[in-house]
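For reference, the chains in residue letters:
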Amino acid sequence: AWSNSITLYKNDIRFVPRSAKLHSLLGAMYAQKINEDISTNRQLQPNEVMAYTDSSIYHFRRALAIYPEYPAVNNNLGTMYFTFKANYDSAFNFFSSAIKADPDYVEGHYNRASANEYFCMIQEDRFNFSLSIPLSETPVDSVQSSNPLNIGLKKDFLNKLTIRQNIEKILK
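Residues numbered from 1 in each chain as written. Predicted model: local features only at pLDDT ≥ 70, side-chain atom pairs only at ≥ 80, totals over all residues. Heavy atoms only, no water.

A. Looking closely at unusual backbone geometry. Non-glycine residue Ala86 carries a positive phi angle of around 55°. The partly exposed category is assigned to Ala86, whose relative accessible area is 45%. (Buried < 20%, exposed > 50% of the residue type's maximum accessible area, 1.4 Å probe, protein only.)

Structure follows, in structure tokens:
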């Protein structure tokens, strides 16, 4: 009846839908599926990664709806947002919630510090990038394709502005 842990937990949740532990375990299995496929060099398609990520986040959120002070789930949800959604604000908040629930939760402290360090590096990179571009009237499209750095604004918005205008927005 069960071919793996995911099918087992999905089956069990039908009978115990308000189990924070089962939702946590299922969320962790979806996250582990991504890591297993990466570690075995299986080439995941982007839609597969997103499906596993979204399923993991869904079940972690369900667990937190049942038990909001669940440190490991807050930490795991933060990890999903940090690693797969690049949503650093949400990640930082979930890591902080893990620490609030358990001030001695080492993983939460470590991950929050890592997220904060990464966020600070991004801010510094944005600033350094802004200094490196000549303040010209060059449209952003001409440098956007050659620059891998996303300067934090939506591309459709960027297309309507010059580099000078974008830098002014970033530095405000």
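B. Up close: the packing of helix H4 (residues 71-85) against helix H5 (residues 88-101). Orientation of H4 relative to H5, taken along the N-to-C sense of each, is 165°, at an axis distance of 8 Å. Taken together, H4 and H5 sit at an angle that is classed as roughly antiparallel. Of the two possible hands of crossing, H4 and H5 adopt the one that is left-handed. Across the interface between the two elements, Pro71, Asn74, Asn75, Leu77, Gly78, Thr79, Tyr81 and Phe82 from H4 touch Tyr88, Ser90, Ala91, Phe94, Phe95, Ser97, Ala98 and Ala101 from H5. Taken together, the residues of the contact of H4 with H5 break down into 10 nonpolar, six polar and no charged. (Axes fitted to C-alpha atoms, helices over the stretch in contact; angles between N-to-C directions. Helix = DSSP H or I, 4+ residues; strand = E, 2+ residues; numbered from the N terminus. Parallel < 35°, antiparallel > 145°, perpendicular 65-115°, else oblique. Left-handed = near helix turned anticlockwise from the far one by under 90°. Contact = heavy atoms within 4.5 Å. Nonpolar A, V, L, I, M, F, W, Y, C, P; charged D, E, K, R; others polar.)

C. Quick peek at the packing of helix H3 (residues 46-66) against H4. Look at H3 against H4: their axes get within 10 Å of each other, and the N-to-C directions meet at 155°. Judged on the interaxial angle alone, H4 and H3 are roughly antiparallel. The chirality of how H3 crosses H4 is left-handed. Contacts between H3 and H4 pair Val49, Met50, Thr53, Asp54, Ser56, Ile57, Phe60, Arg61, Ala63 and Leu64 from the former with Val73, Asn74, Asn76, Leu77, Met80, Tyr81, Phe84 and Lys85 from the latter. Considering only residue class, the contact of H3 with H4 consists of 11 nonpolar, four polar and three charged.

D. Up close: the pattern of salt bridges. Under the definition given, this model contains one salt bridge. Here Lys85 ties to Asp54 by a salt bridge, and the two come within 2.8 Å at their closest N and O atoms. Taken together, the residues span a long stretch of sequence, with Lys85 in helix H4 and Asp54 in helix H3 at a distance of 31 residues. Take Lys85: its relative accessible area is 31%, and that puts it in the partly exposed class. The exposure class assigned to Asp54 is partly exposed, which follows from its relative accessible area of 37%. (Salt bridge = Lys/Arg side-chain N within 4 Å of Asp/Glu carboxyl O.)

E. Structural view of H5. Counted at 1.5 Å a residue, the expected span for H5 with its 14 residues is 20 Å, and the 20 Å between its end C-alpha atoms agrees. Tyr88, Ser90, Ala91, Phe94, Phe95, Ser96, Ala98 and Ile99 are the residues of H5 that are buried. (Expected span 1.5 Å × (residues − 1).)

F. Expanded view of the confidence of the model for the protein. Overall, the prediction assigns the protein a mean pLDDT of 78, with 69% of residues at 70 or greater. When the criterion is pLDDT under 50, residues 131-161 qualifies, and its contacts beyond four places in sequence or with other chains add up to 44 contacts. (pLDDT = per-residue confidence, 0-100.)

G. Highlighting the nonpolar core. One finds Leu26, Leu64, Val73, Leu77, Met80 and Tyr81 to be the most contacted residues of the largest nonpolar core, which totals 26 residues. Counting only elements with at least two residues in this core, the list comes to helix H1 (5-15), helix H2 (20-39), H3, H4 and H5. Looking at this core, the element that brings in the most residues is H2, giving seven residues. Beyond its immediate sequence surroundings of up to four residues, Val73 is in contact with Ser24, Phe60, Ala63 and Leu64. (Core = buried A, V, L, I, M, F, W, Y, C linked by side-chain atoms within 4.5 Å.)

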